[in-house]
Amino acid sequence: MHETTPSLATDRAAETPATDVVLRWVTTLAVALIPVAFVFGALAGMAAEVHPQTVAVVTVCWFGSWTATPLLVVAFWLCRRHPDLAMAGRWAGWVATVPPTVTILLALGL
């Protein structure tokens, strides 16, 4: 009898959880949103007299969007290869999306 061996693609699909696939797309989107968050965050300063507390939060998230987000995305992509660090990498991937998203949403509300 002839045994069939599974292909390499199905082996990788079996060992890659669905959350990792989603996180690949989410972190890619987070990196794509960095320039938009940078512009929106830079323009948010014009509303400082009317909404000072919101502008303060936007400023912190604006700074985090172009400093922390790239580092967290790199941490996610590097930790995926190490099983011991996989959970920390997943957390880094989810947290990487927060600063650009909050910056854009709050700046749109100003």
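Residues numbered from 1 in each chain as written. Predicted model: local features only at pLDDT ≥ 70, side-chain atom pairs only at ≥ 80, totals over all residues. Heavy atoms only, no water.

J.: It is not clear to me how helix α2 (residues 18-43) should be interpreted in this structure. Could you clarify?
T.: An α-helical turn contains 3.6 residues, so a residue and the one three or four places further along point in the same direction. For α2, spanning 26 residues, the distance from its first C-alpha to its last is 37 Å, which sits close to the expected 38 Å at 1.5 Å a residue. In α2, a bend of some 35° at Leu33 exceeds every other bend along the element, and Pro35, a proline, comes one to four places later. When α2 is considered as a whole, its buried residues turn out to be Asp20, Leu23, Thr27, Ala30, Ile34, Ala37 and Gly41. Where α2 is buried, its residues contact α3 (52-79), α4 (86-96) and α5 (98-109). (Helix = DSSP H or I, 4+ residues; strand = E, 2+ residues; numbered from the N terminus. Expected span 1.5 Å × (residues − 1). Bend = angle between axes of the 7 residues up to and from the residue. Buried < 20%, exposed > 50% of the residue type's maximum accessible area, 1.4 Å probe, protein only. Contact = heavy atoms within 4.5 Å.)

J.: Would you mind going over the packing of aromatic side chains with me for this structure?
T.: In this description, an aromatic ring pair is defined by two values, namely the gap between the centres and the angle between the planes. Following the criterion strictly, the structure yields five aromatic pairs and no others. A centroid spacing of 6.1 Å and a plane angle of 75° characterise the contact between Phe38 and Trp66, whose relative ring orientation is edge-to-face. Of this pair, Phe38 sits in helix α2 while Trp66 sits in helix α3, placing them 28 residues apart in sequence. Ring geometry for Phe76 and Trp77: centres 5.6 Å apart, planes at 75°, overall edge-to-face. Ring pairs connect the aromatic residues Phe38, Trp62, Phe63 and Trp66, which therefore count as one cluster. (Phe/Tyr/Trp six-rings, centres within 6.5 Å; stacked < 30°, edge-to-face > 60°.)

J.: Would you take a moment to explain the packing of α2 against α4 for this structure?
T.: Axes are the key here: two packed helices are described by the angle between their axes and the distance separating the axes. Running from amino to carboxyl end, α2 crosses α4 at an angle of 40°, the nearest separation of the two axes being 9 Å. Comparing their axes, α4 and α2 come out oblique. Crossing of α2 against α4: the hand is left-handed. Two secondary-structure elements touch here, α2 through Thr19, Asp20, Val22, Leu23, Val26, Thr27 and Ala30 and α4 through Arg90, Gly93, Trp94 and Ala96. Of the residues in the contact of α2 with α4, the class split is six nonpolar, three polar and two charged. (Axes fitted to C-alpha atoms, helices over the stretch in contact; angles between N-to-C directions. Parallel < 35°, antiparallel > 145°, perpendicular 65-115°, else oblique. Left-handed = near helix turned anticlockwise from the far one by under 90°. Nonpolar A, V, L, I, M, F, W, Y, C, P; charged D, E, K, R; others polar.)

J.: What is the right way to look at the side chain of Thr27 in this model?
T.: With respect to the helices and strands, the residue Thr27 is situated in helix α2. Judged by its relative accessible area of 0%, Thr27 is buried. In this structure the side chain of Thr27 is engaged in a polar contact, spanning 2.8 Å, whose partner is the backbone oxygen of Leu23. Ignoring any residue separated from it by four or fewer positions in sequence, one finds Thr27 in contact with Val73, Phe76, Trp77 and Gly93. (Polar contact = N/O pair within 3.5 Å; in protein donor to acceptor, adjacent residues only side chain to side chain.)

J.: Would you mind showing me how to read the environment of Thr103 here?
T.: Looking at the element boundaries, Thr103 is found in helix α5. In the structure, Thr103 is positioned 69 residues away from Ile34 in sequence and 9.6 Å away in space, judged by C-alpha atoms. Thr103 has contacts with Ala37, Gly41, Val58, Cys61, Trp62 and Ser65, leaving out every residue within four places of it along the chain. Engagement of the side chain of Thr103 in a polar contact is seen with the backbone nitrogen of Trp62, the distance being 3.2 Å.

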